[in-house]
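# What the coordinates show
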Protein chains: 2
Amino acid sequence: MRADAKKNYDHLLAVARAVVKEQGADASLRDIARQADVGLGTLYRHFPTREALLEALLRTTLDEMTAQAADLEASNAPDDALVTWLREAVAFTHQYRGVTELMTAALDDPESALHASCVTVRAAGARLLARAQAEGKARSDIDGTELFALIAALAWLSDQPAFGRHAPRLFEIVASAILPDRPDTEGRTPRRPKTRS
Amino acid sequence: MRADAKKNYDHLLAVARAVVKEQGADASLRDIARQADVGLGTLYRHFPTREALLEALLRTTLDEMTAQAADLEASNAPDDALVTWLREAVAFTHQYRGVTELMTAALDDPESALHASCVTVRAAGARLLARAQAEGKARSDIDGTELFALIAALAWLSDQPAFGRHAPRLFEIVASAILPDRPDTEGRTPRRPKTRS
DNA sequence: ACCTGAACACCGTTCAAGT
DNA sequence: ACCTGAACACCGTTCAAGT
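Residues numbered from 1 in each chain as written. Chains lettered and ligands numbered in written order. Predicted model: local features only at pLDDT ≥ 70, side-chain atom pairs only at ≥ 80, totals over all residues. Heavy atoms only, no water.

Chain A has the name TetR/AcrR family transcriptional regulator in an unreviewed UniProt entry, where Corallococcus macrosporus is given as its organism.

Encoded structure:
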């Protein structure tokens with residue numbers, strides 16, 4: 001890659017990161033090019049699709065998540081490792097609003113630039129899940145895709161302003177379904193009376 | 001309303017129903033007006049916002065869901081009533097792809113034309129939930145909004161092509177979190193070996 | 001009262017023309 | 001080899017002009 005091209009690529013990526021962080025994964029590509037002071041065609045040359053742009057944006061983070069799964073597998077009890085990783089996965093996705101939809105679609109589309117990353121993440125989760133299942137800590141009737149789905153659902157919920165406030169409890173509810181006999185992380189505070197919903 | 005206006009209104013609604021069923025809740029309004037052989041301004045006159053259009057579209061179905069909740073409350077065991085209603089709620093939303101996002105946003109926005117309907121549905125669910133909680137059948141640390149959130153999450157998952165195949169099991173997993181001691185509905189089939197995820 | 005469609009400000013995507 | 005921006009086909013939304 002030529003030096004000027006490399007410069008454009010890097011700058012484009014930095015701007016895109018900021019814009020996507022602020023406006024979500026469906027931010028205007030035109031706007032990104034504009035803010036990067038670059039022709040619209042230049043953006044398309046470096047990132048032929050929106051998925052390609054997000055793949056570049058997410059690659060390092062997704063790799064970190066895979067690495068962290070390996071770490072947790074080596075150093076933690078199977079159930080703790082899984083729960084910690086799930087929490088991390090949801091939190092990560094929450095950085096970039098709307099990325100969940102994209103990753104979910106990419107998982108189903110081998111042509112997507114994001115496909116490989118998503119498959120890798122699913123595999124990392126599936127390993128942690130299998131280990132917990134082998135020790136009887138996790139429900140045995142779940143597979144890696146379903147674990148991915150539950151993470152995606154929790155991430156989606158966290159992105160909705162109506163539910164953001166409830167995200168921690170919703171996480172606990174779903175986690176308790178995956179790992180039935182795990183005590184709640186938070187100190188099981190008694191709930192406000194149920195008159196208001 | 002004048003007779004010609006009424007005719008336009010009805011026809012617009014019928015066309016919109018078909019288009020939204022096919023293309024989802026973010027279907028082009030222009031396209032709907034075009035297919036209804038009506039000026040774009042006419043659509044906006046009758047339905048000043050997309051939410052208003054969907055409110056008209058969903059009103060009868062949402063009312064039916066509220067009514068069904070009352071029926072179930074009168075004639076079924078608390079836990080069965082709740083599970084049946086949850087299943088129904090997810091299935092309904094699944095008819096119109098993308099409606100979940102809209103309803104979730106409306107729940108948080110009192111100005112939305114869909115707000116009242118969503119609040120009513122939440123209340124209907126909350127009643128069924130409270131009854132099941134009173135008999136110790138449902139987790140006590142969940143409120144109506146969280147029940148709504150879990151329904152929304154399941155509906156969202158069902159809309160994703162990658163997860164559609166897993167929707168029944170994902171429903172069972174979440175349902176088991178809400179109603180911990182309920183036996184699975186399906187005959188707990190042994191799972192395929194976990195080599196493929 | 002109600003309807004129409006042009007007008008405006010946006011998109012995503014492509015591609016001929018430039019350096 | 002890379003960059004640019006006009007061109008095209010779409011949007012949602014508004015509003016003057018018509019009946």
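UniProt records the feature "domain: HTH tetR-type" (unreviewed entry) at residues 6-65 of chain A, using the numbering of this structure. Structurally, residues 6-65 of chain A is divided into 80% helix and 0% strand, and its ends, taken at the C-alpha atoms, are 27 Å apart. (UniProt positions renumbered as here; feature names shortened; annotations may be inferred. Helix = DSSP H or I, 4+ residues; strand = E, 2+ residues; numbered from the N terminus.)

The next point concerns the relation of the copies chain A and chain B. Both copies of the chain are related through a single rotation about an axis accompanied by a shift along the same axis. Least-squares fitting of chain A to chain B yields an RMSD of 0.0 Å, with the transformation described by 0.0 Å of translation along the axis and a rotation of 180 degrees. Classification of the inter-copy transformation places it as that of a two-fold axis. Here 100% of the contact residues of chain A are again contact residues in chain B; the copies associate through an equivalent surface. (Least-squares fit on C-alpha atoms with pLDDT ≥ 70 in both. Contact = heavy atoms within 4.5 Å.)

The subject of this paragraph is the interface of chain A and chain B. The figure often quoted for interface size is the accessible area lost as the parts come together. Contact residues are listed per partner, giving 40 residues for chain A and 40 residues for chain B. Between chain A and chain B, the buried area comes to about 3500 Å², and carbon and sulfur atoms account for 63% of it. The tally of links between chain A and chain B comes to 2 salt bridges. Across the salt bridge formed by B:Arg169 and A:Asp141, the nearest N and O atoms sit 3.7 Å from each other. The interface formed by chain A and chain B holds 6 residue pairs in polar contact (both at pLDDT 80 or more) in total. Contributions of two or more residues to the side of chain A that touches chain B are made by α6 (99-107), α7 (115-134), α8 (144-159), α9 (161-164) and α10 (167-178) of chain A. (Buried area = accessible area lost by both parts, 1.4 Å probe. Salt bridge = Lys/Arg side-chain N within 4 Å of Asp/Glu carboxyl O. Polar contact = N/O pair within 3.5 Å; in protein donor to acceptor, adjacent residues only side chain to side chain.)

Below, the discussion takes up the environment of B:Pro183. For B:Pro183, the position within the fold is in the segment after α10 (167-178). In sequence terms B:Pro183 and B:Val15 are 168 residues apart; their C-alpha atoms lie 43 Å from each other.

This part is about unusual backbone geometry. Phi at A:Asp37 is positive, roughly 55 degrees, even though this residue is not glycine. Relative to the helices and strands, A:Asp37 is located in the loop between α2 (29-35) and α3 (40-46).

This next bit is on the packing of aromatic side chains. For the structure on display, the rule yields 5 aromatic pairs over all chains. Summarising the aromatic geometry, the rings of A:Trp156 and B:Trp156 are spaced 5.7 Å apart at their centres and angled 20 degrees between planes, so their arrangement reads as stacked. With A:Trp156 in helix α8 and B:Trp156 in helix α8 (residues 144-159), the pair connects residues from two separate chains. In this structure B:Trp156 comes out as buried when scored by relative accessible area, which is 2%. When the ring of A:Phe163 is compared with that of B:Phe148, the centres are 6.2 Å apart and the planes differ by 45 degrees; the resulting orientation is tilted. With A:Phe163 in helix α9 and B:Phe148 in helix α8, this residue pair bridges two chains. Here A:Phe163 and B:Phe148 have matching classes, each one buried. (Phe/Tyr/Trp six-rings, centres within 6.5 Å; stacked < 30°, edge-to-face > 60°. Buried < 20%, exposed > 50% of the residue type's maximum accessible area, 1.4 Å probe, protein only.)

What the rule picks out here adds up to 18 salt bridges over all chains. For the salt bridge of A:Asp31 with A:Arg34, the shortest nitrogen-to-oxygen distance reads 3.5 Å. Of this pair, A:Asp31 and A:Arg34 both sit in helix α2, separated by 3 residues, roughly a single helical turn. For A:Asp31, a relative accessible area of 19% gives the class buried. B:Asp141 serves as the salt-bridge partner of B:Arg139, at 2.9 Å between the closest nitrogen and oxygen. Its relative accessible area of 12% is what places B:Arg139 among the buried residues.

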